[in-house]
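Each chain, letter by letter, is given below.
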Amino acid sequence: MAKASTPKRRQEGGDETAVRERILEAAFAAFMKSGYAMTSTLKIATRARVSKRELYALVGNKQEMLIACISERAKRFDVPADLPVLRDRQTLAQVLASFGTKLVREVSDPTVIAVFRLAISEVIQAPEVARALNSIGRETSRAALRKIMARAQESGLLAGRPDELAEQFAGLLWRDLMVSLLLGVAERPNPREIAGRARDATATFLQLHPLPNDAPDT
C-alpha cells in the first residue's frame, strides 16, 4: 500500500505546483490589467479556473500572491554561487560587466517595467505593492551587487564601503534609463546596447576607484 501511494502523492504534488503557477500567472495578469487594489481574489480565481478555497490553500491572500509574483522575478537578480574568485581587476571588471548586463536586461524587460508602473500607480491605495517591490525585488539586486563589492574589498581590489560602492556603480549603469523607460519615452535597449552600457559603467567605476595601493599620496 505504501508503495502504491508514493507515486500518487508525487503526482498530486506536481499537480499542485502546476495549479499554483497558474494562479500566480493569473494574479499577475489581473494586477497588470486592473491594478492591485481593484483586483479581487474572486477575479483571480476565475481567471485561474480554481476555487477561492484552492487559491487560498495553494498561494494565500492577495498580498501573498503579489509577494510571490515579485519574488519569482527577483530570483533573476541573485549572484550565482559559482562567482569567480576576484584575484585581479580584470576578473572584477568581467564580473561587474556581466552582472550589469544581466541587471539591465532583466529590469528593462517590459513585464518588470510594468511591475514598477503598477507600484507607482497604486502607491496611495495599495502602498504594500511598492513596499514589496522595494524589499524583495530591488533589494535582491542591491544585495547581489553589495556581495560583489564586498568580495572585491576583501581581495584588496577596492576600498570603501560595499553599499556605497554598489550604489555608485548602479548609478553609472542606469543613469536616466530607468526613468525614461517608466515614462515610456525610451525604448528598451537591445542586447548590444545593454552590454555596451555595462562595459562603460564598469570602466568609469574602476577609473574612479583605482587599486588602493595605487592611490596618490595625500
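Residues numbered from 1 in each chain as written. Predicted model: local features only at pLDDT ≥ 70, side-chain atom pairs only at ≥ 80, totals over all residues. Heavy atoms only, no water.

**Quick look at the packing of helix α5 (residues 89-107) against helix α10 (residues 191-208)**
Moving on, step 1. Following both chains from N to C, one finds α5 and α10 inclined at 140°, their axes separated by 8 Å at the closest point. Viewed along their axes, α5 and α10 adopt a mutual orientation that is oblique. Here α5 and α10 pass one another in a crossing that is right-handed. Residues R89, L92, A93, L96, A97, G100, T101, V104 and R105 of α5 form the contact with α10, whose participating residues are I194, A195, R197, A198, T202, F205 and L206.
Moving on, step 2. Taken together, the residues of the contact of α5 with α10 sort by class into 10 nonpolar, 3 polar and 3 charged. (Axes fitted to C-alpha atoms, helices over the stretch in contact; angles between N-to-C directions. Helix = DSSP H or I, 4+ residues; strand = E, 2+ residues; numbered from the N terminus. Parallel < 35°, antiparallel > 145°, perpendicular 65-115°, else oblique. Left-handed = near helix turned anticlockwise from the far one by under 90°. Contact = heavy atoms within 4.5 Å. Nonpolar A, V, L, I, M, F, W, Y, C, P; charged D, E, K, R; others polar.)

**Thoughts on a nonpolar patch on the surface**
Moving on, step 1. A cluster of nonpolar side chains, namely V179, L183 and V185, defines an oily patch on the protein surface of about 320 Å² accessible area.
Moving on, step 2. By secondary structure assignment, the location of L183 is in helix α9 (residues 177-183). (Patch = residues over 30% accessible without salt bridge, like charges linked within 9 Å, V, L, I, M, F, W, Y side chains within 5 Å. Areas by Shrake-Rupley, 256 points an atom, 1.4 Å probe, with all protein chains shown as cover. Salt bridge = Lys/Arg side-chain N within 4 Å of Asp/Glu carboxyl O.)

**With respect to α10**
Moving on, step 1. Look at α10: 26 Å from first C-alpha to last across 18 residues, which is about the 26 Å you get at 1.5 Å a residue.
Moving on, step 2. Looking only at α10, the buried set comprises I194, G196, R197, A198, A201, T202, F205 and L206.
Moving on, step 3. Elements in contact with the buried residues of α10: α5, α7 (127-154), α8 (162-174) and α9.
Moving on, step 4. One side-chain oxygen of the residue at the start of α10 lies 3.1 Å from the amide nitrogen of R192, identifying that residue as N190. (Expected span 1.5 Å × (residues − 1). Buried < 20%, exposed > 50% of the residue type's maximum accessible area, 1.4 Å probe, protein only. Polar contact = N/O pair within 3.5 Å; in protein donor to acceptor, adjacent residues only side chain to side chain.)

**Considering the side chain of R197**
Moving on, step 1. In this structure, R197 sits in helix α10.
Moving on, step 2. Nearest to the buried, unbridged R197 among oppositely charged side chains is D176, at 5.4 Å.
Moving on, step 3. Polar contacts involving the side chain of R197 include one to the main-chain carbonyl oxygen of W174, which spans 3.0 Å.
Moving on, step 4. With residues near it in sequence (within four places) discarded, R197 still touches V104, L173, W174, R175 and L177. (Lys, Arg positive; Asp, Glu negative; His and termini not counted.)

**A look at the pattern of salt bridges**
Moving on, step 1. Counted under the stated rule, the structure contains 4 salt bridges.
Moving on, step 2. E139 is the partner of R142 in a salt bridge, and the nearest nitrogen-oxygen pair spans 3.2 Å. Of this pair, R142 and E139 both sit in helix α7, 3 residues apart, roughly one helical turn.
Moving on, step 3. Given a relative accessible area of 26%, E139 falls into the partly exposed group.
Moving on, step 4. A salt bridge links E164 to R161; the shortest N-O distance between them is 3.4 Å.
Moving on, step 5. Linked through salt bridges whose partners overlap, the residues forming this network are E139, R142 and R146.

**Some words on the packing of aromatic side chains**
Here the distance between the centres and the angle between the planes together describe a pair of aromatic rings.
Moving on, step 1. This model, assessed by the stated rule, comprises 2 aromatic pairs.
Moving on, step 2. Taken together, a centroid distance of 5.2 Å and an interplanar angle of 55° make the contact between F31 and Y36 tilted. No difference in accessibility class separates F31 from Y36, as the two residues are buried.
Moving on, step 3. When the ring of F169 is compared with that of F205, the centres are 5.7 Å apart and the planes differ by 85°; the resulting orientation is edge-to-face. Pair noted here: F169 is in helix α8 and F205 is in helix α10, with a separation of 36 residues, a long-range link. We note that F169, like F205, is buried.
Moving on, step 4. A cation over a ring is seen here: K62 above Y36, with NZ or CZ 4.5 Å from the ring centre. (Phe/Tyr/Trp six-rings, centres within 6.5 Å; stacked < 30°, edge-to-face > 60°. Lys NZ or Arg CZ within 6 Å of the ring centre and 35° of its normal.)

**Concerning the nonpolar core**
Moving on, step 1. I23, I44, L92, L96 and M149 are the most contacted members of the largest nonpolar core, which has 61 residues in total.
Moving on, step 2. Contacts of M149, omitting those with residues within four sequence positions, involve L96, L158, P162, L165, A166, F169 and F205. (Core = buried A, V, L, I, M, F, W, Y, C linked by side-chain atoms within 4.5 Å.)

**Thoughts on the confidence of the model for the chain**
Detailed reading of the predicted coordinates is not advisable wherever pLDDT falls low.
Moving on, step 1. When pLDDT is averaged across the chain, the result is 86; 87% of the residues are at 70 or more.
Moving on, step 2. By mean pLDDT, helix α1 (residues 2-34) is the weakest element of the chain at 73, and α10 is the strongest at 98.
Moving on, step 3. Confidence over residues 1-12 falls short of pLDDT 50; this stretch has 0 contacts with residues more than four positions distant or in other chains. (pLDDT = per-residue confidence, 0-100.)

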